[in-house]
Amino acid sequence: MDWQITTVCPLLSVINKDATIFSGFIVANKEQFQIRIQLRSPGILEGAQIDCEWRLKELLAEDVGIIEQRLKQCESLSVFLTELKTLIENRLRNQRCSLERSILLPDFYSSLIEEIKSLGWHRLSFIDSSFKELHLVAKDIRQRNHILKIQLHMQHPERAPECCAEFPIPFDFNWNSKRKLADLFAEFEQTISRYQNFWDVLDDTDAATCILDPDAPSRSIRRRRIALGKACSLQIEIDPFHPRAVPDICFMGADSVVCPLKEKLNQNLARWDMSESVVKNLQTVLEIEFPNLKNSKKEDFTVECSICYSYHLEGELPDQTCEDKRCAQVFHRSCLYEWLRSLSTSRQSFNLLFGECPLCNSPITVRIVS
């Protein structure tokens, strides 16, 4: 008989001679919970059956695995009961904290309403039933709507809110316990004014070209993949602070098409005019006209990979092309890499893999996928 049990749980009694059945109450944080423990044999905890009232079952619903593990590992019932009491106390403490977080004081609501009044109800586009999440809307000089999503904490305004906006760089704001929503909104509007030219360039690019990626261009994404022709495209990344400057440019497609474009870019880069749009500059420098959605469809340029027969593959688009013009099939880089790697005839040189096109057996090369 483990006599330490009465010290740990004085309200728990042994029921039978073999000391395998215990019944009574376990006390945690001054709360009593009815419990019954039946051991398979004296002193053996593994496989013990524990029955308890519904409150305790609900409280420990997520800890069944832990309890079973401790039954296997604890050297005695008194040690197990000590750990069980600690577990119950922690769960009660967490439950109380969750309850406190979910119940906001009336002062929170009244002060928040006053803040929204001061800011202007017309700025509010959404607020949830708990008054913890709200969305504020602002217009820029082009009358574009911008949404600031705010998540308030129970300790508002002592604790800074969490904010999210569609900016190319995460919204960084100043906060202290004396600041109000109106101060936060003023910073939001100031930040919007910094990106006016950036969004003008994005809007012009989206309207004047056929964007292959991203599917749904947003104001926070600096990157655009522009269709140049079937299985040929260029990707640009625009600097939000110098949006009319030469962007980062990456060509995608067969070398026979891409190489001449790279040569023209190098030859004509001095012709880049910062007073003109990025699209117009690219067309001038590359000496081409971009297809757009007025005279073509996006589907004309979204060619599926000839290995996996899909267009999107975990964020990757087909950008590898067979150089044989009679074939000119396109592949995802990762698909082509895996295909060539599976062939015994393929060979590797540094970070390049050489092999044969899966369709026409013409020579084809792909960079090794890291």
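Right, let's walk through the structure included here. (Residues numbered from 1 in each chain as written. Predicted model: local features only at pLDDT ≥ 70, side-chain atom pairs only at ≥ 80, totals over all residues. Heavy atoms only, no water.)

### Looking at the sheet that holds strand β7 (residues 145-151)
For step 1, the next point in the chain: Pairing is antiparallel across the open sheet formed by four strands, whose spatial order is β5-β6-β7-β8. Each having just a single partner strand, β5 (124-127) and β8 (162-165) make up the two edges of the open sheet. Neighbouring strand axes in the sheet, compared pairwise and without regard to direction, differ in orientation by 20° on average.
For step 2, the next point in the chain: Judged from the four bridges that link them, β7 and β8 form a sheet pairing that is antiparallel. (Pairing = 2+ DSSP bridges. Helix = DSSP H or I, 4+ residues; strand = E, 2+ residues; numbered from the N terminus. Axes fitted to C-alpha atoms, helices over the stretch in contact; angles between N-to-C directions.)

### Here's the deal with helix α10 (residues 333-341)
For step 1, the next point in the chain: All of the buried residues along α10 are Cys335, Leu336, Tyr337 and Leu340.
For step 2, the next point in the chain: Considering only its buried residues, α10 is in contact with β13 (320-321), β14 (330-331), β16 (352-356) and β17 (363-367). (Buried < 20%, exposed > 50% of the residue type's maximum accessible area, 1.4 Å probe, protein only. Contact = heavy atoms within 4.5 Å.)

### Digging into the packing of helix α8 (residues 255-268) against helix α9 (residues 278-286)
For step 1, the next point in the chain: Viewed as axis vectors pointing N to C, α8 and α9 meet at an angle of 105°, and their least axial separation amounts to 8 Å. Taken together, α8 and α9 sit at an angle that is classed as roughly perpendicular. Listed contacts from α9 to Leu261, Lys264, Leu265 and Asn268 of α8 are Thr284, Val285 and Leu286. (Parallel < 35°, antiparallel > 145°, perpendicular 65-115°, else oblique.)

### Notes on a nonpolar patch on the surface
For step 1, the next point in the chain: Judged by side-chain polarity, Leu11, Phe25 and Val27 come together as a nonpolar surface patch covering roughly 210 Å² of accessible area.
For step 2, the next point in the chain: Overall, the relative accessible area of 37% leaves Leu11 in the partly exposed class. (Patch = residues over 30% accessible without salt bridge, like charges linked within 9 Å, V, L, I, M, F, W, Y side chains within 5 Å. Areas by Shrake-Rupley, 256 points an atom, 1.4 Å probe, with all protein chains shown as cover. Salt bridge = Lys/Arg side-chain N within 4 Å of Asp/Glu carboxyl O.)

### A word on the sheet that holds strand β12 (residues 248-253)
Where strands meet in a sheet, backbone hydrogen bonds hold them as pairs that are either parallel or antiparallel.
For step 1, the next point in the chain: With antiparallel pairing, the four strands of this open sheet are ordered in space as β9-β10-β11-β12. The two strands at the open ends of the sheet, each matched to only one other strand, are β9 (211-213) and β12. Sheet twist, expressed as the average angle between the axes of neighbouring strands with direction ignored, equals 35°.
For step 2, the next point in the chain: Looking at chain direction, β9 and strand β10 (residues 223-229) are connected through two bridges and run antiparallel. Bridged to Ile211 within β10 is Ile226.

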